[in-house]
Amino acid sequence: MLQMVVCVKQVPDTTEVRIDPRTNTLVRAGVPAIINPFDAHAVEAAVQLKERYGGRVTALSMGPPQATEVLRRALGMGADRAILLSDRAFAGSDTLATSYILAAAIRTIDRETPVDLVFCGKQAIDGDTAQVGPGIATRLGFTQLTYVMAIDSVDLGGRQIQVQRKLEGKREVVRGRLPALVTVVKDLNELRYASLPALIQAARAEIVTWNKDNLAIDPAHLGLKGSPTSVRRIFAPPERPGGELIPGDPRQAAATLVAKLVLTKIIADK
Ligand SMILES: Cc1cc2nc3c(=O)[nH]c(=O)nc-3n(C[C@H](O)[C@H](O)[C@H](O)COP(=O)(O)OP(=O)(O)OC[C@H]3O[C@@H](n4cnc5c(N)ncnc54)[C@H](O)[C@@H]3O)c2cc1C
């Protein structure tokens, strides 16, 4: 039986986030909150492994009470239970504090039944750092397998996992020891539609909430206080200048284009 934990983050749908040109701030009003897209693939991967080898999938999220929505989504996809980590003391955490809190929760789960595999998305589409997964692996001393695009096999008896990692222009086959932390890319699997009975069950399921007192943690490592980085300023990138259409005869237009590219030093003059 594989004991698995999947970390899921609730994020604003960044495809719908606009920037107010007057105030230079993000307009979040009316923007739907969704499960981080990479994390949905992580849940699917864990559920597929459960179907193949047997096991249990725990979805874990740190966030405000509304984050239960993404936990219900994970339950609808086949996760067996959900835990929300919610406390005012967690707010304002950077990646170091976030990975500290998530690792502490995984340690608590591990004491109950030893955890074999932890899944994270490759990155969150709002923070975009891709640091939380490796941070958790380091804290727990788990094998770290990032950018995973395929899981070939898990050998529970031999305590091994073999995966394929997506590198630039190639794939890398890696075998590592369990327990391991895997961060996933979208190529890993196709998301399936949740069945109606599963959705109804997920809507009714009890979601356990843990606060800082439920975890063995040092309050000095949490939230803004526990975050060595701080965001000083947030602003919109400068608007791109409009494009230019080069009209006329194709040969002439190509020559004009090359001349302009040389002039702006985008390509070198031969
Ligand atoms: C000074 C400062 C203040 C901040 N204040 C806030 C704030 O008040 N509110 C706020 O929402 N953010 C805040 N942030 C952003 C916050 O630090 C990041 O959202 C967080 O550290 C996660 O990093 P990331 O989004 O880059 O995740 P990544 O490292 O890109 O995420 C990788 C994977 O890790 C897992 N993961 C990441 N975060 C979570 C989570 N919370 N729960 C479960 N799994 C997770 C997911 O599987 C995800 O796919 C602040 C950041 C800084 C530096």
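The shown structure was predicted, so the numbers you read here are calculated from the model rather than taken from an experiment.

1. A closer look at the site of the ligand
As a structural note, the neighbourhood of the ligand is formed by 29 residues, with Lys9, Asp39, Ser93, Ala124 and Thr129 the closest of them. Take Gly127: an N or O atom from its main chain is 3.5 Å from an oxygen atom of the ligand. Within the backbone of Val132, one N or O atom sits 2.8 Å away from an oxygen atom of the ligand. Relative to its unbound accessible area of 950 Å², the ligand is 79% covered by the protein chains. For the shell around the ligand, the secondary-structure elements that each account for two or more residues are strand 6 (55-62), helix 3 (95-112) and strand 8 (117-121). Split by residue class, the shell around the ligand holds 11 nonpolar, 13 polar and 5 charged.

2. Details of the pairing of strand 10 (residues 160-167)
Strand direction decides the pairing type here: strand 9 (residues 143-155) and strand 10, joined by 6 bridges, are antiparallel. By the bridge assignment for strand 10, Ser153 is matched with Gln162. Examined bridge by bridge, strand 10 and strand 11 (residues 170-177) share 8 bridges and lie antiparallel to one another. Considered in strand 11, the bridge of Gln160 is made with Arg177. From the end of strand 10 to the start of strand 11, which pair antiparallel, there are 2 residues, and Gly169 there has a positive phi angle of about 75°.

3. Points about the packing of helix 3 against helix 4 (residues 132-140)
The contact between helix 3 and helix 4 brings their axes to 8 Å, and the two run at 50°. The angle between helix 3 and helix 4 places the two elements in the oblique class. Helix 4 is crossed by helix 3, and the crossing has right-handed handedness. Where helix 3 abuts helix 4, its residues Thr95, Leu96, Thr98, Ser99, Tyr100, Leu102, Ala103, Ile106 and Arg107 lie against Val132, Gly135, Ile136, Arg139 and Leu140. Here the residues of the contact of helix 3 with helix 4 are counted per class, giving 8 nonpolar, 4 polar and 2 charged.

Cut-offs applied
Residues numbered from 1 in each chain as written. Predicted model: local features only at pLDDT ≥ 70, side-chain atom pairs only at ≥ 80, totals over all residues. Heavy atoms only, no water. Near = heavy atom within 4 Å. Polar contact = N/O pair within 3.5 Å; in protein donor to acceptor, adjacent residues only side chain to side chain. Areas by Shrake-Rupley, 256 points an atom, 1.4 Å probe, with all protein chains shown as cover. Helix = DSSP H or I, 4+ residues; strand = E, 2+ residues; numbered from the N terminus. Nonpolar A, V, L, I, M, F, W, Y, C, P; charged D, E, K, R; others polar. Pairing = 2+ DSSP bridges. Axes fitted to C-alpha atoms, helices over the stretch in contact; angles between N-to-C directions. Parallel < 35°, antiparallel > 145°, perpendicular 65-115°, else oblique. Left-handed = near helix turned anticlockwise from the far one by under 90°. Contact = heavy atoms within 4.5 Å.

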